[in-house]
Amino acid sequence: MASEYDVIVIGAGPTGENVAERAVRGGLSAAIVEGELVGGECSYWACMPSKALLRPAAAVAEAGALRGVVGARLNPAEVLARRDSFTHGWKDDGQVEWLAGAKIDLLRGHGRIVGERLVEVGGSVLRARQAVVIATGTRAVVPDTLAGVNPWTSREATSAHAVPGRLAIVGGGVVGCELAAAWSALCAEVTLISRGRLLDRLPDFAGDLVASGLRDAGVDVRLGVGVTEAKRAGASAPGGASEAGLADSTHAGSGDADPAGAGLGGALDRGSVTLTLDDGTSVEVDEVLAAVGRSPQTEDIGLESAGLSPGSWLDVDDTMRVTAVEGGWLYAAGDVNHLALLTHMGKYQARVCGDAIAARAAGRQPSVRDVSSKTCVPQVIFTIPEVAAVGLTAAQAEQAGRRVRTVEYEIGNVAGASLFADGYTGHAQMVVDEDRRTVVGLTLAGPGVGEMIHAATIAVVGEVTLDRLWHAVPSYPTISEVWLRLLETYGL
């Protein structure tokens with residue numbers, strides 16, 4: 001391994017991998033520093049395993065909504081085994097091989113910034129000739145009320161190897177709603193607890209439809225309540241191993257990590273948990289999942305040596321350069337800059353970042369800048385029904401000073417929807433900038449809408465006018481015909 005590189009990236013998740021790849025493509029040398037598995041949270045404990053758990057449940061639900069289809073059901077053991085195949089058994093050999101093929105050096109260990117363009121790894125100090133990039137992502141927040149019962153986080157919940165009999169999920173955001181759908185489909189008795197409505201950053205109808213779908217699936221959805229106390233009955237691990245010791249040993253980052261929850265999902269009897277809620281009720285469960293938010297993994301990477309506060313989110317410009325650091329050598333891409341905590345947006349930012357570093361190294365001004373992370377972010381929530389959204393909600397647009405109009409339409413009234421599922425229930429809301437006559441936001445909730453959102457993303461990012469959209473004819477009979485109905489409802 002060299003001691004100098006043009007670019008040093010701390011964090012080998014999808015964002016870090018893409019930064020390094022773009023830098024190398026631009027003619028620079030690059031190294032990635034990673035203390036856990038190459039591929040990061042998305043590959044092993046988030047996007048891939050969670051969607052592998054959710055897709056079979058959605059397929060069964062879709063089949064069950066069609067007259068003439070009988071007998072579709074899930075085999076929990078096979079669903080978990082299929083999930084394991086997507087994580088490659090929590091081994092990163094394939095991703096390490098990809099790095100080598102992309103001519104990116106991998107340095108195993110914890111990376112810390114120790115000075116301008118200097119990164120320490122395992123006692124050695126590396127120097128970046130051009131830039132250091134922070135791509136360390138986030139970790140789950142565990143509230144104080146749950147800390148004493150050693151709860152599941154998203155890591156354990158996406159990698160457990162046995163179905164808990166009773167599972168309480170605290171938090172009504174994306175993680176809470178998706179994992180409630182996944183584990184209830186695998187026959188866990190799930191209680192979802194949220195202080196507010198579900199998916200509260202989206203229009204009300206999205207959370208309402210998801211709450212209804214979860215209740216139909218047997219989930220006990222409790223809204224407007226919080227946890228005031230949590231107690232776990234005493235239990236010990238087989239063979240006398242401590243519960244804390246097992247929990248702390250699951251993410252060693254050796255490249256052959258034991259999956260989080262391999263013991264926590266059922267092999268380890270941890271004792272039941274009793275949650276006391278602020279409405280005076282209580283819930284007794286076998287496991288509790290903390291799904292209340294994320295915090296940046298920046299507390300122990302040497303930010304203080306760059307004049308920044310450890311543990312903080314990092315403010316960046318449109319090329320991902322950290323604005324508070326003089327000299328322009330420090331960048332932050334992905335979740336750590338708090339612009340959009342989504343894998344696809346981190347990869348997009350990585351492409352912007354890597355290209356900008358390469359351009360500056362060649363003495364050019366970057367031609368590519370981030371135009372999407374604040375106002376054009378697409379996302380899909382893989383609940384039953386699915387929710388998909390891009391751009392601004394009406395409230396966000398109005399707060400930004402835009403004069404907007406919202407247009408609503410019941411997706412089930414589209415011919416393609418009635419073919420997709422008997423009794424299809426879904427809703428669409430389009431947000432139109434009245435001055436520019438462009439779509440600035442769209443939210444869809446209903447079965448199968450996740451595959452429709454990219455059309456809306458193109459319309460929002462491309463600032464396509466309504467008059468032009470009128471000539472984009474949707475195929476009949478598909479659910480995408482909702483676009484025509486929305487434009488007709490608007491008045492075109």
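Scroll up to find the structure this text is about.
Now for a look at the structure at hand. Computed from a predicted structure; not experimentally measured.

Considering the state of the cysteines
- If you walk through the whole model with that rule in mind, you get zero disulfides.
- Looking at the unpaired C177, the closest cysteine sulfur is the one in C47, lying at 16 Å.
- A residue is classified by how much of its surface remains accessible, and C177, at 0% relative accessible area, is buried.
- You can see C187 has no disulfide; the closest cysteine sulfur is in C177, sitting 20 Å from it.

Considerations on the sheet that holds strand β8 (residues 166-170)
- Spatial strand order, β10-β9-β8-β14: four strands in an open sheet with parallel pairing. In this open sheet, the two strands that pair with only one neighbour each are β10 (220-223) and β14 (287-290). Taking each pair of neighbouring strands and ignoring which way they run, the sheet shows an average axis angle of 15°.
- Here five bridges tie β8 to strand β9 (residues 189-194), and the two strands are oriented parallel to one another. Along β9, the bridge assignment pairs A168 with T191.

Here we look at the nonpolar core
- By size, the foremost hydrophobic cluster in this structure holds 50 residues, and its most contacted members are I134 and L330.
- At the level of elements, β1 (4-10), α1 (14-25), β2 (30-34), β3 (105-108), β5 (118-121), β6 (124-134), β16 (330-332) and α11 (343-361) are the ones that each hand at least two residues to this core.
- A total of six residues in this core trace back to one element, the largest contributor, which is β6.
- Those residues in contact with I134, other than ones at most four positions away along the chain, are I10, I113, I301, L303, L314, L330, Y331, A332, A333 and V336.
- Of all hydrophobic cores here, the second largest spans 37 residues; its members include L54, L74, V79 and A160.

Focus: the pairing of β5
- The alternating pattern of β5 places V119 and V121 on a buried face and L118 and E120 on a face that is not buried.
- Across four bridges, strand β4 (residues 111-115) lies against β5 in antiparallel orientation. Pairing of G111 across the sheet is with V121, part of β5.
- Between β4 and β5, which pair antiparallel and follow one another directly, the connecting turn spans two residues, one of which, R117, has a positive phi of 65°.
- In this sheet, β6 lies alongside β5 in antiparallel orientation, the contact comprising four bridges. Looking at β6, one finds that L118 is bridged to R127.
- With antiparallel pairing between neighbouring strands as the criterion, β5 and β6 make up a hairpin whose turn holds two residues, including G122 at a positive phi of roughly 55°.

Details of the packing of aromatic side chains
- The final tally for this structure, using the stated rule, is three aromatic pairs.
- A centroid spacing of 5.7 Å and a plane angle of 55° characterise the contact between Y44 and W45, whose relative ring orientation is tilted. Considered together, Y44 and W45 belong to a single accessibility category, that of buried residues.
- Here the aromatic rings of W152 and W183 are separated by 5.9 Å at their centres, their planes lie at 50°, and the arrangement is tilted. Of this pair, W152 sits in the loop between α6 (144-147) and α7 (154-159) while W183 sits in helix α8 (residues 174-185), and the two are 31 residues apart along the sequence.
- Note on W152: relative accessible area 0%, which makes it buried.

Things to note about the packing of α1 against α11
- At a minimum axis separation of 8 Å, α1 and α11 run at an interaxial angle of 25°. Taken as axis vectors, α1 and α11 run roughly parallel relative to one another. Considering how the two elements wind past one another, α1 and α11 form a crossing that is right-handed. The residues of α11 that touch α1, namely those facing P14, T15, N18, V19, R22 and A23, are T343, G346, K347, A350, R351, C353, G354 and D355.

Describing the layout of surface pockets
- Volume-wise, the second largest pocket comes out at about 690 Å³.
- If you go around the second largest pocket, you meet 30 residues; those closest to its centre are A61, E62, G213, I384 and P385.
- Contributing elements (two or more residues each) for the lining of the second largest pocket: α3 (47-64), α8 and α9 (204-216).
- The class makeup of the residues in the lining of the second largest pocket is 17 nonpolar, eight polar and five charged.

Describing α9
- The terminal C-alpha atoms of α9 lie 18 Å apart, and with 13 residues this matches the ideal 18 Å at 1.5 Å per residue to within 8%.
- When α9 is considered as a whole, its buried residues turn out to be F205, A206, G207, V210, A211, G213 and L214.
- Looking at the buried residues of α9, the elements they touch are α8, β9, β10, β18 (387-391), β20 (427-433) and β21 (438-445).
- At the exit of α9 stands G218, carrying a positive phi of roughly 100°.

What to know about the side chain of Q429
- Along the chain, the position of Q429 falls in strand β20.
- A polar contact is formed between the side chain of Q429 and the side chain of E408, at a distance of 2.7 Å.
- What Q429 contacts, discounting residues up to four positions off in sequence, is P203, F205, T406, V407, E408, G441, L442 and T443.

Thoughts on the environment of P203
- By secondary structure assignment, the location of P203 is in the loop between β9 and α9.
- Considered as a pair, P203 and A417 are 214 residues apart in the sequence and their alpha carbons are 21 Å apart.
- Discounting residues that sit within four places of it in the chain, P203 has contacts with R197, T393, Q429 and T443.

A word on the environment of C42
- Within the element layout of this structure, C42 appears in helix α2 (residues 40-45).
- Separated by 359 residues in sequence, C42 and G401 place their C-alpha atoms 35 Å apart.
- Sequence-distant contacts of C42, defined by excluding residues within four places in its chain, comprise P14, C47, M48, P49 and T343.

Here we look at unusual backbone geometry
- The step from I384 to P385 runs through a cis peptide bond, and the omega angle for that step is 10°.
- Relative to the elements of secondary structure, P385 occurs in the loop between β17 (378-381) and β18.
- Omega for the bond connecting Y476 with P477 falls within 30 degrees of zero, at -5°, which places this linkage in the cis form.
- Its identity is not glycine, yet W90 carries a phi of approximately 60°, on the positive side.
- Here W90 is to be found in the loop between α4 (76-86) and α5 (93-101).

Calculation rules
Residues numbered from 1 in each chain as written. Predicted model: local features only at pLDDT ≥ 70, side-chain atom pairs only at ≥ 80, totals over all residues. Heavy atoms only, no water. Disulfide = S-S within 2.5 Å. Buried < 20%, exposed > 50% of the residue type's maximum accessible area, 1.4 Å probe, protein only. Pairing = 2+ DSSP bridges. Helix = DSSP H or I, 4+ residues; strand = E, 2+ residues; numbered from the N terminus. Axes fitted to C-alpha atoms, helices over the stretch in contact; angles between N-to-C directions. Core = buried A, V, L, I, M, F, W, Y, C linked by side-chain atoms within 4.5 Å. Contact = heavy atoms within 4.5 Å. Phe/Tyr/Trp six-rings, centres within 6.5 Å; stacked < 30°, edge-to-face > 60°. Parallel < 35°, antiparallel > 145°, perpendicular 65-115°, else oblique. Left-handed = near helix turned anticlockwise from the far one by under 90°. 1 Å grid on protein atoms, 1.4 Å probe; cavity = no way out; pocket = protein on both sides within 12 Å on 5 of 7 lines; lining within 4 Å. Points joined across faces, edges and corners; volume = space filled by probe spheres on them. Nonpolar A, V, L, I, M, F, W, Y, C, P; charged D, E, K, R; others polar. Expected span 1.5 Å × (residues − 1). Polar contact = N/O pair within 3.5 Å; in protein donor to acceptor, adjacent residues only side chain to side chain.

The quantities given are spatial measurements derived from coordinates; they are silent on function.
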